[in-house]
Amino acid sequence: MTTKNNRLSAMDLHVSKSPRLVSLDALRGFDMFWIIGGEHLIHALAELTGWPVMVWLSAQMHHTVWNGCTFYDMIFPLFLFISGVSLPYSLSKKIELSSVDYAYQLPKVVKRKILKTNLRRMLILVFLGMVVNGLFKFNAYENTRFASVLGRIGIAWFFAGLIHLHFSLRNQLVWFVVILIGYWLAMTLIPVPGFGAGNLTMEGSLESYTDRLLLPGRLHSKVHDPEGILSTIPAVATGLLGIFTGVFVRSKTFEPQKSVYFMLIAALALIVAGLVWDGFFPINKRLWTSSFVLFVGGWSLAFFAIFYLIIDVTGWKRWTFPFLLIGTNSILIYLAVEGMIGFDHTAQFLFGGLVRLAPDRFEELLKIMSIILVELSALYFLYKNKIFLKV
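Residues numbered from 1 in each chain as written. Predicted model: local features only at pLDDT ≥ 70, side-chain atom pairs only at ≥ 80, totals over all residues. Heavy atoms only, no water.

Asker: Could you give an account of a nonpolar patch on the surface, with specific residues and numbers?
Answerer: Together, V177, I181, L185 and L189 line one region of the surface with nonpolar side chains, adding up to about 340 Å² of accessible area. With respect to the helices and strands, I181 occurs in helix α7 (residues 169-189). (Patch = residues over 30% accessible without salt bridge, like charges linked within 9 Å, V, L, I, M, F, W, Y side chains within 5 Å. Areas by Shrake-Rupley, 256 points an atom, 1.4 Å probe, with all protein chains shown as cover. Salt bridge = Lys/Arg side-chain N within 4 Å of Asp/Glu carboxyl O. Helix = DSSP H or I, 4+ residues; strand = E, 2+ residues; numbered from the N terminus.)

Asker: An account of helix α3 (residues 71-90) is requested, with residue identities and associated values reported.
Answerer: Along its 20 residues, α3 runs 29 Å from first to last C-alpha, staying within 8% of the 28 Å computed at 1.5 Å per residue. At P77, α3 is deflected by roughly 30°, the largest bend along its length. Burial within α3 is extensive, with 20 of its 20 residues counted as buried. (Expected span 1.5 Å × (residues − 1). Bend = angle between axes of the 7 residues up to and from the residue. Buried < 20%, exposed > 50% of the residue type's maximum accessible area, 1.4 Å probe, protein only.)

Asker: For unusual backbone geometry, give the residues involved together with the corresponding values.
Answerer: Phi at S99 takes a positive value of approximately 55°, unusual for a residue other than glycine. Looking at the element boundaries, S99 is found in the loop between α4 (92-97) and α5 (108-132). Unusually for a residue other than glycine, K252 sits at a positive phi of about 55°. Of note, K252 is situated in the loop between α9 (232-251) and α10 (256-278).

Asker: Would you mind going over the layout of surface pockets in detail, with residue names and values included?
Answerer: In this structure, the largest pocket encloses a volume near 690 Å³. Taken together, 32 residues form the lining of the largest pocket, with H63, V149, E227, K285 and Y334 sitting closest to its centre. For the lining of the largest pocket, the secondary-structure elements that each account for two or more residues are α1 (22-49), α3, α5, α6 (149-166) and α13 (330-340). It is α3 that contributes the most residues to the lining of the largest pocket, five residues altogether. Looking at the lining of the largest pocket, its residues break down into 15 nonpolar, eight polar and nine charged. Space inside the second largest pocket adds up to approximately 360 Å³. Every residue lining the second largest pocket is counted, 24 residues in all, and those nearest its centre are H40, F343, D344, I371 and E375. Listing elements by their share of the lining of the second largest pocket, those giving two or more residues are α1, α13, α14 (343-357) and α15 (363-384). If one sorts the elements of the lining of the second largest pocket by residue count, α15 sits on top with seven residues. Across the lining of the second largest pocket, the residue classes break down as eleven nonpolar, seven polar and six charged. (1 Å grid on protein atoms, 1.4 Å probe; cavity = no way out; pocket = protein on both sides within 12 Å on 5 of 7 lines; lining within 4 Å. Points joined across faces, edges and corners; volume = space filled by probe spheres on them. Nonpolar A, V, L, I, M, F, W, Y, C, P; charged D, E, K, R; others polar.)

In structure tokens form, the structure reads like this:
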């Protein structure tokens, strides 16, 4: 943990005096809100009201079984996209002090220092991901899951940053295209023993076969792991999309409002490209297909553009405070809700009596609201005391 003016996290690598996008913290908080209780809030409202719009939203709060995409499938890649956006801002002071225009022009000694720091953060995230998976239960090697959400974020973010540090923007775009096309060709042309080439089922895909062959310990779904080895490669492209966005916004090539228009146009192009590619290489979060990268990358860019317009361009910021509480301590709250802290027990202790006084039909909704209130109260305490998790 760290106190005072340090608000660095594994996903937000800003130097303390570097420019900070409020919209980025707010969007991160918005993204994490659905994980810490927002999804259950929607389910409860749908059950209580039966309104068609709430029922539709409730359906969007579930992962797709295999091919396709829901809003809930976007939460993870949006977080990775956000980490990419933050990277050019975290490097901004180092770039200015080195009198260069781009990250790849930084002196080798500066790059080595940055890479050493980034490598440490990546390894810590991989470790924390294993902790979330139950590492300290010591439930035997074969029952330990090594792949994780935090691990993929750390690895994909690290390699996206590596490309950003060593290649010009043009060559970064080349990397982006090569990663997506290369992954598509590998998944469709390389044969899997017993299944042949181009099999994109859970058991028969090259990604699943690679995990069974190389990934140690337990796989998430026995024959497949959604955060496996091969599918982490296109996740690097998701991080690169965020980096491209951060570079574009930080460059201030256009006035802010015009930049929003360009981002929305680019977002639409990415979504359409993803839908077109879906006909050849299905949109699939578990395989993190190339079409998924484009489709969800487009939506991520659209979300960022809208938040940037409302918050940083128009200056309408007050409504973002709950999201800022979450977004500035995103790793900490993620670790907490994934099992390290029993917010539900605390909420039951504080509000259980009041909840039981309400009509039965409101009980589930009030339980969820009380848990979210406890979580936000804890985050507010940390925020007011300038206590933020530093990885």
